[in-house]
Amino acid sequence: MYTQFFGNYLLSKGYITKEQLFAAMKKKSNKHVKLGTLAIHSGLMTASEVDNVIIEQTHQDKKFGELTIEMGYLTNEQVKNLLNVQSPDFLLLGQILLDDGVINNSTLENVITDYRSENEMMDLDITIENKESVERLFDNFFVISETPVTKLGKMYMELLFNNLIRFVGEDFSPLSSDPCKEFPTDCCVCQDVLGEYSISTYISMDHDTAIKFASRYVNDSFTEYDEYVQASLEDFLNLNNGLFIVNCSNDYGRELSISAPRHVDDGLVSFKDKAYHFQILYTFGTLHFIVEVHKLIEEY
């Protein structure tokens, strides 16, 4: 997740523009090899075994490497070795910006030093994202965004970003959030989390972005916005929120529920309670993610 937050870091510090980040991300998306592909290429896993792990990720909020170990496909040492053969992605993004003439070597050196220092990234963290280092990334992201966040709110956003990486692609960067009283929607779905911690979550995007999002999510090729594309958006939101309430139960003993996901037909949605708008910049378009907070658990 270092690359996604590295892009936001560069934007917040004024090193690059949104357009420059977008161009660099498009180039980077063609240069990354996923862990599953590396495992197949190395002869350590079959394609069927990789598919099994991906399916299991729809039921458990765990990284691909974690599940391969739990399911007996790889050892911890093999996962570490596979991860180590990949160049750290956030360095690759910096190199692309350097090659494009957006920044120079001196700037890149200073940015990397500052970024690693602010997030307390040790050498091991570059290749294996441990829990503590990811939490620091989120803390710094919310500081930059000037968005108040609870433990459960942080867990929710971390889960969202992880699921975007797992099921849609990692070629994105989250932009800082803004308070939101109303939002003009296009292709928009919504779902409520109900209980002691009560929020409504929205994902909105234009038609072309929705088609590409759905195509990636279900690994198919949609050409027009129809009920299948809409159902794919609803399914992603339902998957994410379902895993969230499972995590709340497992980690905090809080029993929450979710409503059925629904399509939002209104051209303009108004929010009665506090709402926060996050833009998630993908190489194929921008996702608008909105969280409206109805009820919080004080200690969380």
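The following refers to the structure shown. (Residues numbered from 1 in each chain as written. Predicted model: local features only at pLDDT ≥ 70, side-chain atom pairs only at ≥ 80, totals over all residues. Heavy atoms only, no water.)

**A closer look at the packing of helix H12 (residues 207–218) against helix H13 (residues 227–252)**
Alright, step 1. Interaxial distance between H12 and H13 falls to 9 Å at its minimum, and their mutual angle equals 60°. Regarding the angle of H12 to H13, the classification is oblique. In this structure, H12 crosses over H13, and the sense of that crossing is left-handed. Between H12 and H13, the contacting residues are Ala-210, Ile-211, Phe-213, Ala-214, Tyr-217 and Val-218 on the first element and Val-229, Ser-232, Leu-233, Asp-235, Phe-236 and Leu-239 on the second.
Alright, step 2. When grouped by side-chain class, the residues that make up the contact of H12 with H13 number 10 nonpolar, one polar and one charged. (Axes fitted to C-alpha atoms, helices over the stretch in contact; angles between N-to-C directions. Helix = DSSP H or I, 4+ residues; strand = E, 2+ residues; numbered from the N terminus. Parallel < 35°, antiparallel > 145°, perpendicular 65-115°, else oblique. Left-handed = near helix turned anticlockwise from the far one by under 90°. Contact = heavy atoms within 4.5 Å. Nonpolar A, V, L, I, M, F, W, Y, C, P; charged D, E, K, R; others polar.)

**A closer look at the pairing of strand S10 (residues 285–295)**
Remark: a regular strand shows side chains that alternate across the two faces of the sheet.
Alright, step 1. When you tally the buried positions in S10, you get eight out of 11 residues, the bulk of the element.
Alright, step 2. For strand S5 (residues 198–205) and S10, the ladder comprises seven bridges, and the chain directions are antiparallel. Following the sheet pairing, Ile-203 is matched in S10 by Phe-289.
Alright, step 3. Sheet topology note: the strand S9 (residues 275–282)/S10 ladder contains eight bridges and is antiparallel. Bridging from a neighbouring strand, Leu-281 pairs with Thr-286 of S10.
Alright, step 4. Joining the antiparallel neighbours S9 and S10 is a turn of two residues. (Buried < 20%, exposed > 50% of the residue type's maximum accessible area, 1.4 Å probe, protein only. Pairing = 2+ DSSP bridges.)

**Quick word on the pattern of salt bridges**
Alright, step 1. Evaluation of the coordinates by the stated rule reveals five salt bridges.
Alright, step 2. Between Glu-70 and Lys-62 there is a salt bridge whose closest N-O contact spans 2.6 Å.
Alright, step 3. Residue class for Glu-70 comes out partly exposed when judged on its relative accessible area of 48%.
Alright, step 4. We note a salt bridge from Arg-254 to Glu-196, for which the minimum N-O separation is 2.8 Å. Here Glu-196 lies in the loop between strand S4 (187–194) and S5 and Arg-254 lies in the loop between H13 and strand S6 (257–258), a separation of 58 residues in the sequence.
Alright, step 5. Look at Arg-254 and you get buried, because its relative accessible area is 14%. (Salt bridge = Lys/Arg side-chain N within 4 Å of Asp/Glu carboxyl O.)

**A look at unusual backbone geometry**
Alright, step 1. Backbone geometry places Asn-219, a non-glycine residue, at a positive phi of 55°.
Alright, step 2. Tracing the backbone shows Asn-219 in the loop between H12 and H13.

**Thoughts on the pairing of S9**
Alright, step 1. The element S9 is largely enclosed, with a buried count of seven among its eight residues.
Alright, step 2. Pairing analysis gives two bridges linking strand S2 (residues 178–179) to S9, with the strands arranged antiparallel. Note on S9: the bridge partner recorded for Asp-178 is His-277.

**Structural notes on helix H4 (residues 47–57)**
Alright, step 1. Every buried residue belonging to H4 is among Val-50, Val-53 and Gln-57, and all of these are buried. Seen from one end, H4 has its buried residues packed into an arc of 60°, which puts them on one side.
Alright, step 2. The secondary structure elements touched by the buried residues of H4 are helix H3 (35–41), helix H5 (64–70), helix H11 (151–167) and H13. (Arc of directions from axis to C-beta.)

**Examining the side chain of Glu-234**
Alright, step 1. Mapped onto the elements, Glu-234 comes out in helix H13.
Alright, step 2. With no salt bridge to any partner, buried Glu-234 finds its closest opposite charge in Arg-262, at an N-O distance of 9.1 Å.
Alright, step 3. Setting aside residues up to four positions removed in sequence, Glu-234 forms contacts with Val-189, Pro-261, Arg-262 and His-263. (Lys, Arg positive; Asp, Glu negative; His and termini not counted.)

**Overview of helix H2 (residues 18–28)**
Every α-helical turn comprises 3.6 residues, leaving residues that sit three or four positions apart pointing alike.
Alright, step 1. Along H2, the positions that sit buried rather than exposed are Leu-21, Ala-24, Met-25 and Lys-28. Buried positions in H2, seen along its axis, are confined to an arc of 100° and lie on one side of it.

**Comments concerning the nonpolar core**
Alright, step 1. With 64 residues, the main nonpolar core has Leu-164, Phe-213, Phe-244, Ile-280 and Phe-289 as its most contacted residues.
Alright, step 2. In terms of residues, this core owes the most to one element, H11, which gives 10 residues.
Alright, step 3. Contact partners of Phe-289, with chain neighbours within four places excluded, come to Tyr-156, Met-157, Leu-160, Thr-201, Tyr-202, Ile-203, Leu-237, Tyr-276, His-277, Phe-278 and Ile-280.
Alright, step 4. Grouped together as the second largest cluster of nonpolar side chains are 11 residues, Leu-67, Leu-74, Val-79 and Leu-82 included. (Core = buried A, V, L, I, M, F, W, Y, C linked by side-chain atoms within 4.5 Å.)

**Examining the side chain of Ser-215**
Alright, step 1. Considering the arrangement of structural elements, one finds Ser-215 in helix H12.
Alright, step 2. Given the relative accessible area of 14%, Ser-215 is considered buried.
Alright, step 3. Only 2.8 Å separates the side chain of Ser-215 from the backbone oxygen of Ile-211, close enough to count as a polar contact.
Alright, step 4. Among the polar contacts made by the side chain of Ser-215, one reaches the main-chain amide nitrogen of Phe-222 at a distance of 3.0 Å.
Alright, step 5. If near-sequence neighbours (up to four positions away) are discounted, Ser-215 is found in contact with Asp-220, Ser-221 and Phe-222. (Polar contact = N/O pair within 3.5 Å; in protein donor to acceptor, adjacent residues only side chain to side chain.)

Geometric descriptors of this kind do not, in isolation, establish any biological role.
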